[in-house]
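# Fold and geometry: a report
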Amino acid sequence: MPIIHLLKQQELTAEAVLTAPNRPRSLVLLPNRELAMQVASEARNFHYAVPMKVMQLYSGQSHRVETNKLNEGVDLLTSTIERLQWRRDGEKAFLSQVN
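A brief look at the structure comes next. What you see is a predicted model; the values in this text were computed from it and never measured. (Residues numbered from 1 in each chain as written. Predicted model: local features only at pLDDT ≥ 70, side-chain atom pairs only at ≥ 80, totals over all residues. Heavy atoms only, no water.)

### Observations concerning helix α3 (residues 63-72)
We count it as follows: Polar contacts, as used here, are pairs of N or O atoms within 3.5 Å; protein pairs need one atom able to donate a hydrogen and one able to accept it. Residues neighboring in sequence count only if both atoms are side-chain atoms. Going along the chain from the N terminus, every DSSP run of H or I of four or more residues is numbered as a helix, and every run of E of two or more is numbered as a strand.
With a side-chain oxygen positioned 3.3 Å from the backbone nitrogen of Arg64, the residue opening α3 is Ser62. Phi for Gly73, located one or two positions after α3, is positive at around 95 degrees.

### So, helix α2 (residues 33-46)
Going by this rule: Take the number of residues in a helix, subtract one, and multiply by 1.5 Å to get its expected span. Throughout, exposure labels follow a simple rule: accessible area from a 1.4 Å probe, protein chains only, divided by the maximum for the residue type, with under 20% read as buried, over 50% as exposed, and the rest as partly exposed. Working note: the arc is built from the helix axis to C-beta atom directions. A contact between two residues is defined here by any heavy atoms of the two lying within 4.5 Å.
Between its first and last C-alpha atoms α2 spans 20 Å; for 14 residues at 1.5 Å apiece the expected length is 20 Å, and the two agree. Of the residues making up α2, those classed as buried are Ala36, Val39, Ala40 and Ala43. Buried residues in α2, looked at end-on, bunch into an arc of 100 degrees, giving them a common side. Looking at the packing, one finds that the buried side of α2 touches α1 (2-14), β1 (26-30), β2 (54-57) and β3 (76-80). One side-chain oxygen of the residue at the start of α2 lies 3.3 Å from the amide nitrogen of Glu34, identifying that residue as Asn32.

### Regarding the nonpolar core
So the rule is basically this: Only buried residues count toward a nonpolar core, which is a set of Ala, Val, Leu, Ile, Met, Phe, Trp, Tyr and Cys residues joined through side-chain atoms within 4.5 Å.
Counting residues in each nonpolar core, the largest one holds 8 residues, listed as Ile3, Ile4, Leu7, Ala40, Ala43, Met52, Val54 and Leu76. Listing elements by their share of this core, those giving two or more residues are α1 and α2. In terms of residue count, the dominant contributor to this core is α1 (3 residues). Once residues within four sequence positions are removed from consideration, Ala40 is found in contact with Val54, Gln56 and Thr78. Leu70, Val74, Leu77 and Leu84 belong to the second largest nonpolar core, which has 6 residues in total.

### Regarding the sheet that holds β1
Quick note on the threshold: At least two bridges found by DSSP between two strands are what make those strands a pair. Axis lines are fitted through C-alpha atoms, for helices just across the contact stretch, and the angle between N-to-C directions can take any value from 0 to 180 degrees.
Pairing is parallel in the open sheet, where 3 strands are placed in the order β1-β3-β2. In this open sheet, the two edge strands, each paired with only one partner strand, are β1 and β2. Across the sheet, the mean angle separating the axes of adjacent strands is 20 degrees when strand polarity is ignored.

### A short note on the side chain of Asp75
Turning to its location among the elements, Asp75 is positioned in the loop between α3 and β3. Here the side chain of Asp75 touches Thr19 through a polar contact of 2.5 Å, side chain to side chain. Those residues within four positions of Asp75 in sequence are excluded, and the remaining contacts are Leu7, Lys8, Glu11, Thr19, Arg25, Ser26, Met52 and Lys53.

### A look at unusual backbone geometry
For Asn22, which is not a glycine, the phi torsion comes out positive at approximately 60 degrees. On the secondary structure map, Asn22 appears in the loop between α1 and β1.

This is the structure in structure tokens:
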């Protein structure tokens, strides 16, 4: 995934960790939760040598768990359209940092 390389290159250039609470750095938007789960799983496989926080948003998950994970900061967020819309409407995830 080229996005993993880009995210880590940005950190090397900045010489700092750029992950911030409630500010996902990249977004993969998917039509259903099965794909959101699969892409997040594959992203975790790709980053075995590069520390990175990967998270997926989809309906059926605990809102509290999602909020806690977002508060910890996320490098790569996979999400269904509906769940992202719900989060954005509630101002619980901000997309200003997304690459």
